[in-house]
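Tertiary structure, described
Below, each chain spelled out in residue letters.
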Amino acid sequence: MEDGDFIAAIRLATSYYVGSADKLTVGLPDDDDTRHDMVREKLLEMMTASLKYTFSRTPNSTSEDARSSQLKQLAVECFIACISMNELDFLFDDVYEWYEEGSSEDVFLETLEPHILDDEIKAVPPAVLKDLVSHYTLQNRGSRIEELICRLDTRTIDIDQISTLCKQHYLYDALIYVWNQALGDYVSPLIDLLSLVNTVGCDADSHDTGTSVLVDSAMKMFPYLSYTLTGRVYPTGLELPVSDASKAKAELYGFIFSGKAIPRPPFGGHVFHTQADASPEPSFPYLRMILKFDTSSFMSMLNEAFEDSFLNGSQDQQSDDYSAFGESDRQVSRSSLTRQYIVSILLEVMSPEEFGPQDAIYLDMFIARNLPKFPQFILLSGSSLHRVLEGLCNYPSDEVADDCQLSV
C-alpha cells in the first residue's frame, strides 16, 4: 500500500487470509480461525481505502484505458477477497456503491458474471439484480442474463421483481425457471406464454416483424413442455426429482387437456380465457389454442412426451394434482390420463371443420408413428385408421411428402 500498488496489496492480503502465502515469513498463525480474525479487518480496510482513493481521483489524471483497466483489476481483487471471506454484504453494499456512484457499475456487473457461472455467488440483492438485467438486455445479451438467473438460488430471489423484469424484457426462459423452482408452479408460466398468443393472434406463421418477439417468446412453450413432460428442468435440462416430475406432468397435462376453462392455479384465482372477445369457450379450450397456434410444434413435442412412462396409466401412480379435468362434468383421474385418452381427444378436437389438411396432416403422422410403437396402449377404430391413412396418402404439400411416406 505504501508503494501505491493497492491492487497488489489486496491480492497479497487475500493470499494471507486463505493461507496460500508463506505464513511463517510474515508471522501469521497456522490456525485458520485465528489468522482470519487477524487479516479480515485489515483486508476490509484496505479495500475501502483503495476504492476511496480510486474513485476520488479525477478521470483526467489518468488515461481512459488505464483507468478502465485499473477499475477492472480492482473489481476482480475485491470479488476474490470478499468471496474468500464470505463478505458478500460488503461486496454488494459497499463495493458496488462505489462503482455505481462512479458511473462504472458495468465494470462491477461484468466482473460478477463469471462468479455466478462458477457457482461462487448464488444470491444477488434485488437492486443489483435489476441493474444486471438492464445491463445485459441493453447489450442484446438476453440469453446470457437468463443463464445467470438460472444459476441463482431461487429462494433468494424477489419473485415479484424478477417476474416483472422477465416479462418486460421477454426473458421467458428465466421466468419459467424461477416459477418452477421457487414456487413449484408449472402452469402459470404456460398461461403467460398463451397470453402472448392471445396478443398476437392464434397462428404462429401469420405475424409481422412488430410482433416477432412475442411469437418467438410464445414458441418457448414447446421446448418447455418437452422438457417438463419428460422429467427435465427447463431450460437447464437437469433431471427433476421423481415427485416434482410427477407433479409437474400431472399439472401440465391436466391444464392442457382440460375440457373447459379453469381457474389459474393454485386451484383458485381468475379463469384464463382463450377467447379475446369474451365469447363462450369451446371444449378443450387450451388444447385448441395451442393447436391453432402451431400444430406441427405441438405434435413434435407430444411425440417426445409419449416416450415417457407417465402415460402408461398404471394405478400405482395416481396423484391428486389436477385429478379432475375434462369436458363438462366428466372426471378424468390421473390413472386415466393415457396415450389412448390423448389420441382420442386429439381426433375429436381436430375435426375437418376446424382444422384444415395442412394442420391435420401432423396429427396423422403423429398417430401413424406412435401406433406401432405402443400397440398395447393405443387402439384405433377402423374408421379412424382409414381417416389417418387417407390423410397420409393425400398429403397437402410436397414439403411433408417424405415424412408422410415414412409414416405409412
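Residues numbered from 1 in each chain as written. Predicted model: local features only at pLDDT ≥ 70, side-chain atom pairs only at ≥ 80, totals over all residues. Heavy atoms only, no water.

With an unreviewed UniProt entry as reference, the protein is termed Vacuolar protein sorting-associated protein 8, source organism Cryomyces antarcticus.

1. Section: the overall build of the protein
Broken down by element type, the protein carries 19 helices and 0 strands. Each of the 408 residues in the protein was classed as buried or not, and the buried ones make up 48%. Here the contacts in the protein between residues at least 6 apart in sequence split such that 66% fall between residues at least 24 apart. Just so you have it, the protein exposes about 19,500 Å², and 49% of that area is on carbon and sulfur atoms. (Helix = DSSP H or I, 4+ residues; strand = E, 2+ residues; numbered from the N terminus. Buried < 20%, exposed > 50% of the residue type's maximum accessible area, 1.4 Å probe, protein only. Contact = heavy atoms within 4.5 Å. Areas by Shrake-Rupley, 256 points an atom, 1.4 Å probe, with all protein chains shown as cover.)

2. A few points about the side chain of Asp-364
Topologically, Asp-364 is positioned in helix α17 (residues 357–370). Despite being buried, Asp-364 has no salt bridge partner; Arg-387 is the closest side chain of opposite charge, sitting 5.1 Å away. (Lys, Arg positive; Asp, Glu negative; His and termini not counted. Salt bridge = Lys/Arg side-chain N within 4 Å of Asp/Glu carboxyl O.)

3. A few points about helix α5 (residues 105–117)
Spanning 13 residues, α5 covers 19 Å between terminal C-alpha atoms, matching the ideal 18 Å at 1.5 Å per step. Of the residues making up α5, those classed as buried are Val-107, Phe-108, Leu-109, Thr-111, Leu-112, Glu-113, His-115, Ile-116 and Leu-117. Where α5 is buried, its residues contact α3 (64–85), α4 (88–101), α6 (126–138) and α7 (142–149). (Expected span 1.5 Å × (residues − 1).)

4. Describing the packing of helix α1 (residues 6–18) against α3
In contact at an axis separation of 10 Å, α1 and α3 are set at 15° when each is read in the N-to-C sense. With respect to α3, the element α1 is oriented roughly parallel. Here the hand of the crossing between α1 and α3 comes out left-handed. Contact residues: α1 offers Phe-6, Ile-7, Ile-10, Arg-11, Thr-14, Tyr-17 and Val-18, while α3 offers Gln-70, Gln-73, Leu-74, Glu-77, Ile-80, Ala-81, Ser-84 and Met-85. Here the residues of the contact of α1 with α3 sort into 9 nonpolar, 4 polar and 2 charged. (Axes fitted to C-alpha atoms, helices over the stretch in contact; angles between N-to-C directions. Parallel < 35°, antiparallel > 145°, perpendicular 65-115°, else oblique. Left-handed = near helix turned anticlockwise from the far one by under 90°. Nonpolar A, V, L, I, M, F, W, Y, C, P; charged D, E, K, R; others polar.)

5. Notes on unusual backbone geometry
In the segment running from Tyr-234 into Pro-235, the intervening peptide bond is cis, with an omega of 5°. Tracing the backbone through its elements, the reader meets Pro-235 in the loop between α12 (221–228) and α13 (242–256). In this structure, Tyr-170 takes a positive phi of about 60° despite not being glycine. For Phe-284, which is not a glycine, the phi torsion comes out positive at approximately 45°. Along the chain, Phe-284 falls in the loop between α13 and α14 (285–293). The class for Phe-284 is buried, based on a relative accessible area of 0%.

6. Focus: the pattern of salt bridges
Close approach of charged atoms lets side chains of opposite charge pair. What the rule picks out here adds up to 19 salt bridges. Between Lys-167 and Asp-192 there is a salt bridge whose closest N-O contact spans 3.6 Å. Remark: Asp-192 occurs in helix α10 (residues 188–200) and Lys-167 occurs in helix α8 (residues 159–168); sequence separation between them is 25 residues. Under the relative-accessibility criterion, Asp-192 is labelled buried at 9%. One salt bridge in this structure joins Asp-308 and Lys-249, with 2.9 Å as the shortest N-O distance.

7. A short note on a negative patch on the surface
Together, Asp-89, Asp-93, Asp-94, Glu-97, Glu-100 and Glu-101 line one region of the surface with negative charge. Of note, Glu-97 is situated in helix α4. Exposure remark for Glu-97: the relative accessible area of 40% places this residue in the partly exposed category. (Patch = residues over 30% accessible without salt bridge, like charges linked within 9 Å, V, L, I, M, F, W, Y side chains within 5 Å. Charge placed at Lys NZ, Arg CZ, Asp CG, Glu CD.)

8. Description of the environment of Arg-144
Within the secondary structure, Arg-144 sits in helix α7. A residue is classified by how much of its surface remains accessible, and Arg-144, at 29% relative accessible area, is partly exposed. As a C-alpha pair, Arg-144 and Val-133 span 11 residues in sequence and 9.7 Å in three-dimensional space. Aside from chain neighbours lying at most four places away, what touches Arg-144 is Glu-113, Leu-117 and Tyr-136.

9. Some thoughts on the side chain of Thr-338
With respect to the helices and strands, Thr-338 occurs in the loop between α15 (295–305) and α16 (339–349). One polar contact links the side chain of Thr-338 to the main-chain amide nitrogen of Tyr-341, over a distance of 3.2 Å. (Polar contact = N/O pair within 3.5 Å; in protein donor to acceptor, adjacent residues only side chain to side chain.)

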